[in-house]
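In case you want the letters, here they are:
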Amino acid sequence: MGPAIADLWARLPLELIERILDLLVDDYGRDPAYQWTALRHMARRQMRRIELHFWNQWVPRLTITLYSGPRCQIDYKLPNHTSDNGFETGLVRFQTLGPGLSNSLNKGDIRTLWDHYSFENRVAHLRLGEGLLNHGMTGGYIVNDTDIVDLKVEDDGLGILFNWRQTFDALLREEVMMRRLQTEMALDRKKQLAAEHRWPPFPRIQRLALVKHFVLDIQMAKRVAVQKHRLKRHDPSGQAKLGSFTYESRHLHKQPLPPLPPTSEQRRACCVICSRRTGPSIFEVVSCEESVVLSLEDWQQLGKEELLDLYAEAYGWNCYRCLGQENNVEWQRTSKSDWLTVCGSSTEKLHSVRRWNTWF
């Protein structure tokens, strides 16, 4: 806030200031990233106001998912708001329900999984606003593998404690950074296509072209850039490694990796999916769960028919990318047609929560 604006702000009546701050929170009520990274820093009283809003609105809508191999996902959430001590102390307790766990996974196994959690081994991911953000559209929530700050795991592994303010700060600052990078990358791609006389003249065709480039390039490139920025902040010496750059997600992040060491375990002969023992990297989760359609400018103004077509287009390019069909455009078209004709009703396609699985 500049000196002139700060001086004007100081002259306003307190009641008017309070009203302005309330309106700002309401106007950006469905954008927690902007609320936290921008509105929260407008004034000292605003910081507490936003943090209290987050405590009541967004902390209950945060999910932390622990992965055990490729098939088991264990969700941790805030059980209740019986006390506001967590707001003052900054520490919050999330828990998972034992009866919902796989029969093959006991409490000792869960605790061991958490013991492996580190900067280089992010076996847990964060999801914010599933089924709520972006009007509840499919793939409209925030998902990332940012740090769970000051994490403490209870002995039975069913409960965790962490600093919610610093965890939200890490999650939402990276979200804002990715939005900025995405805007810059999309603009660069438009300029490149226009210079090559390959930018379509009609808005609807332009949106289809952007969806293709979001899926095949920008969606993952922005995350690679943010992951490398995270690594530089964590370890300027460069000795640490990014655990998200896995062999299973190499077709997504496209980063060079050292040769795999020989394994002592015999893999199953049928396919790599059955042989897999690890959980997903954030790149794999994003390829399945995040919708690039919602990255398009003014997507809210589009009709249901075009939204369905754009979601189908993105699905087709996802199949083209993930199933080793890089030079088979017909596969993309077939996958798109299958999505439009087979995969549920239009309401289910546009408003559902879809989690990563090994068979996607």
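Our structure's up above, just so we're on the same page.
Reading the values: the criteria
- Residues numbered from 1 in each chain as written.
- Predicted model: local features only at pLDDT ≥ 70, side-chain atom pairs only at ≥ 80, totals over all residues.
- Heavy atoms only, no water.
- Pairing = 2+ DSSP bridges.
- Helix = DSSP H or I, 4+ residues; strand = E, 2+ residues; numbered from the N terminus.
- Axes fitted to C-alpha atoms, helices over the stretch in contact; angles between N-to-C directions.
- Contact = heavy atoms within 4.5 Å.
- Phe/Tyr/Trp six-rings, centres within 6.5 Å; stacked < 30°, edge-to-face > 60°.
- Buried < 20%, exposed > 50% of the residue type's maximum accessible area, 1.4 Å probe, protein only.
- Lys NZ or Arg CZ within 6 Å of the ring centre and 35° of its normal.
- Parallel < 35°, antiparallel > 145°, perpendicular 65-115°, else oblique.
- Left-handed = near helix turned anticlockwise from the far one by under 90°.
- Nonpolar A, V, L, I, M, F, W, Y, C, P; charged D, E, K, R; others polar.
- 1 Å grid on protein atoms, 1.4 Å probe; cavity = no way out; pocket = protein on both sides within 12 Å on 5 of 7 lines; lining within 4 Å.
- Points joined across faces, edges and corners; volume = space filled by probe spheres on them.
- Expected span 1.5 Å × (residues − 1).
- Salt bridge = Lys/Arg side-chain N within 4 Å of Asp/Glu carboxyl O.

J.: Which residues make up the sheet that holds strand 5 (residues 142-144), and what values go with them?
T.: Sheet strands pair via backbone hydrogen bonds, and the direction of the pair is either parallel or antiparallel. The strand order across the open sheet built from four strands is 2-1-4-5, with neighbouring strands paired in antiparallel fashion. Looking at strand neighbours, the two that pair on one side only are strand 2 (72-76) and strand 5, the edges of this open sheet. Strand-to-strand twist of the sheet, defined as the mean angle between neighbouring strand axes without regard to direction, takes the value 25°. Here three bridges tie strand 4 (residues 124-128) to strand 5, and the two strands are oriented antiparallel to one another. Residue pairing in the sheet places arginine 127 in a bridge with valine 143 of strand 5. Packed onto the sheet, helix 6 (residues 107-115) meets strand 1 (62-68), strand 2 and strand 4 and runs at close to 100° relative to strand 1.

J.: Got a sec to walk through the packing of aromatic side chains? Specific residues and values, please.
T.: Scanning the model with the defined rule gives 13 aromatic pairs in all. Summarising the aromatic geometry, the rings of tyrosine 311 and tryptophan 339 are spaced 6.4 Å apart at their centres and angled 10° between planes, so their arrangement reads as stacked. Here tyrosine 311, found in helix 12 (residues 304-322), pairs with tryptophan 339, found in helix 13 (residues 329-342); they are 28 residues apart in sequence, far enough to count as distant. For the residue pair tyrosine 311 and tryptophan 339, the accessibility class agrees, reading buried in each case. A connected cluster of aromatic rings, assembled from ring pairs, spans Trp36, Phe54, Trp55, Phe87, Trp164 and Phe168. Over the face of the ring belonging to tryptophan 36 we find arginine 40, whose NZ or CZ atom lies 3.9 Å from the ring centre. In this structure, lysine 349 packs its charged tip against the face of tryptophan 339, placed 4.9 Å from the ring centre.

J.: Can you break down the packing of helix 8 (residues 203-234) against helix 11 (residues 282-289) residue by residue, with the values?
T.: When two helices pack together, you describe them by how their axes are tilted relative to each other and by the distance separating the axes. Interhelical geometry of helix 8 versus helix 11 gives an angle of 150° and a closest axis separation of 11 Å. Considering their axes alone, helix 8 and helix 11 lie roughly antiparallel with respect to each other. For the pair helix 8 and helix 11, the sense of crossing is right-handed. In this structure, helix 8 uses Gln219, Met220, Arg223, Val224 and Gln227 to contact helix 11, whose residues at the interface are Ile282, Phe283, Val286 and Ser287. Tallied by class, residues from the contact of helix 8 with helix 11 come to five nonpolar, three polar and one charged.

J.: Explain the pairing of strand 1 to me, using residue names and the numbers behind them.
T.: Here strand 1 lies mainly inside the structure; seven of its seven residues are buried. In the sheet, strand 1 pairs with strand 4 via five bridges, with the strands oriented antiparallel. Residue pairing in the sheet places leucine 66 in a bridge with alanine 124 of strand 4. Sheet topology note: the strand 1/strand 2 ladder contains five bridges and is antiparallel. Looking at the pairing, isoleucine 64 lines up with tyrosine 76 of strand 2. Counting the residues between successive antiparallel strands, the hairpin from strand 1 to strand 2 contains three residues, one of them, glycine 69, with a positive phi of roughly 70°.

J.: Account for the layout of surface pockets, naming residues and giving values.
T.: If a probe the size of a water molecule is rolled over the atoms, the empty space left behind becomes visible. Computed from the structure, the second largest pocket encloses a volume of approximately 1000 Å³. Lining the second largest pocket are 36 residues, with Gln182, Leu294, Ser295, Leu296 and Trp299 positioned closest to its centre. Elements that contribute at least two residues to the lining of the second largest pocket include exactly strand 5, helix 7 (164-195) and helix 8. Considering every element that reaches the lining of the second largest pocket, the biggest residue donor is helix 7, with eight residues. Tallied by class, residues from the lining of the second largest pocket come to 15 nonpolar, ten polar and eleven charged.

J.: Requested: an account of the sheet that holds strand 3 (residues 91-95), with residues and values cited.
T.: Spatial ordering of the open sheet is given by 3-7-6, a layout of three strands whose pairing is antiparallel. Only two strands of the sheet have a single neighbouring strand rather than two, namely strand 3 and strand 6 (152-153). Here strand 6 runs beside strand 7 (residues 159-163); their pairing, made up of two bridges, is antiparallel. Across the sheet, residue valine 153 finds its bridge partner in strand 7, namely isoleucine 160.

J.: Tell me about helix 4 (residues 44-57), and please be specific about residues and values.
T.: Along its 14 residues, helix 4 runs 20 Å from first to last C-alpha, staying within 8% of the 20 Å computed at 1.5 Å per residue. Every buried residue of helix 4 is accounted for by Gln46, Ile50, Glu51, Phe54, Trp55 and Gln57. In the core, the buried residues of helix 4 are packed alongside helix 2 (14-27), helix 3 (32-37), helix 5 (85-89), strand 3 and helix 7.

J.: Can you break down the pattern of salt bridges residue by residue, with the values?
T.: Using the criterion set out here, one finds 23 salt bridges in the structure. Via salt bridges that share partners, Asp31, Glu175 and Arg179 belong to a single interconnected network.

J.: Summarise helix 11; cite the residues concerned and give the values.
T.: Buried residues dominate helix 11, accounting for eight of its eight residues. Check the buried side of helix 11 and you find it contacts strand 1, strand 4, strand 5, helix 8, helix 9 (250-253) and helix 12.

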